[in-house]
Amino acid sequence: FLIYLLPKVLCWECCRRHTSIIHTTSKNRIYKHKLTMAIIKAGKVVIVLAGRHAGKKAVVVKTFDDGNSDKRFSHCLIAGLAQNPRKVTRSMSKAKVEKRSKVMKPFIKYINVRHVFPTRYVVDLDVKKVVDEADLIDPERKVDCKKELKKLFEDRYLNQKEVTSEKKAAGSAYFYQKLRF
């Protein structure tokens, strides 16, 4: 009864599957599925759930809500850390801290939206300037892009105290922590 009165509702099938699909009802009572991408935006820290980098943290660079000619599903371009920086303590010297932070190994990848888990954290890294979609097609340019991304990640890791917003500082601290599971 209530479903027919509201213009947009979640049906029982989607509540059971825990998906974020909005159903719009028409006069014929036919449901039309539309996936919402309101949560996953550029700068959001996500956890990769499937594939080679499962369990790793990444930052969303760009989202594709309706897909494109290659991938006909909603996906996003992410840049993350395949290898996190090693543990650092206060008693370590500056040289040792820099050496342990150079272990980072970045990755860049297109991934299905259903294979990432968005977190509440946001990072203000300028990843869009470093990662360009045209660079990902050529393998040599992709390697150069990863090197620039590594420099960006290392610079932010060593200068975490310079972040202006308290919310974004918490996001960058969370991004560089190793996920314990």
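Quantities reported herein were computed from a predicted structural model and do not represent experimental measurements. (Residues numbered from 1 in each chain as written. Predicted model: local features only at pLDDT ≥ 70, side-chain atom pairs only at ≥ 80, totals over all residues. Heavy atoms only, no water.)

S.K.: Just to check I follow, could you spell out the nonpolar core for this structure?
M.R.: If you look at soluble globular proteins, the nonpolar side chains tend to sit buried side by side. Membership of the largest hydrophobic core comes to 24 residues, with the highest contact counts inside it found for Leu125, Val127, Val131, Leu149, Phe153, Phe175 and Tyr176. For this core, the secondary structure elements donating two or more residues are strand S4 (44-48), strand S5 (57-64), strand S6 (75-83), helix H4 (127-130), helix H5 (139-158) and helix H6 (166-176). The next biggest cluster of nonpolar side chains, apart from the first, holds 12 residues, and it includes Val48, Ala82, Phe107 and Ile111. (Core = buried A, V, L, I, M, F, W, Y, C linked by side-chain atoms within 4.5 Å. Buried < 20%, exposed > 50% of the residue type's maximum accessible area, 1.4 Å probe, protein only. Helix = DSSP H or I, 4+ residues; strand = E, 2+ residues; numbered from the N terminus.)

S.K.: What should I look at first to understand the packing of aromatic side chains in this one?
M.R.: Given two aromatic rings, their pairing is described by the distance between the two centres and the angle made by the two planes. Applying the stated criterion to the full structure yields 5 aromatic pairs. Clustering of aromatic rings is evident, with ring pairs tying together Phe153, Tyr157, Phe175 and Tyr176. (Phe/Tyr/Trp six-rings, centres within 6.5 Å; stacked < 30°, edge-to-face > 60°.)

S.K.: Explain the layout of surface pockets to me, please; I cannot follow it from the model alone.
M.R.: What the largest pocket holds in volume is close to 940 Å³. Taken together, 27 residues form the lining of the largest pocket, with Arg86, Lys87, Val88, Tyr157 and Gln160 sitting closest to its centre. Those elements that provide at least two residues to the lining of the largest pocket are helix H3 (94-101), H5 and H6. No other element matches the 3 residues that H3 contributes to the lining of the largest pocket. (1 Å grid on protein atoms, 1.4 Å probe; cavity = no way out; pocket = protein on both sides within 12 Å on 5 of 7 lines; lining within 4 Å. Points joined across faces, edges and corners; volume = space filled by probe spheres on them.)

S.K.: Is there a simple way to think about the confidence of the model for the protein chain in this case?
M.R.: Per-residue pLDDT for the protein chain has a mean of 79; in total, 80% of the residues score no lower than 70. Taking the mean pLDDT of every element in the protein chain, the minimum, 44, falls on helix H1 (residues 2-5) and the maximum, 93, on S4. The model gives residues 1-10 a pLDDT under 50, and that stretch makes 16 contacts with residues more than four places away or in other chains. Here residues 12-19 scores under 50 on pLDDT; set against residues more than four positions off or in separate chains, the count is 5 contacts. (pLDDT = per-residue confidence, 0-100. Contact = heavy atoms within 4.5 Å.)

S.K.: What's the story with H5 in this structure? I'm lost.
M.R.: Think of an α-helix as turning once every 3.6 residues; residues three or four places apart then point the same way. The terminal C-alpha atoms of H5, which comprises 20 residues, lie 29 Å apart, in line with the 28 Å expected from a rise of 1.5 Å per residue. Of all the residues in H5, the buried ones are Cys145, Leu149, Leu152, Phe153, Glu154, Arg156 and Tyr157. (Expected span 1.5 Å × (residues − 1).)

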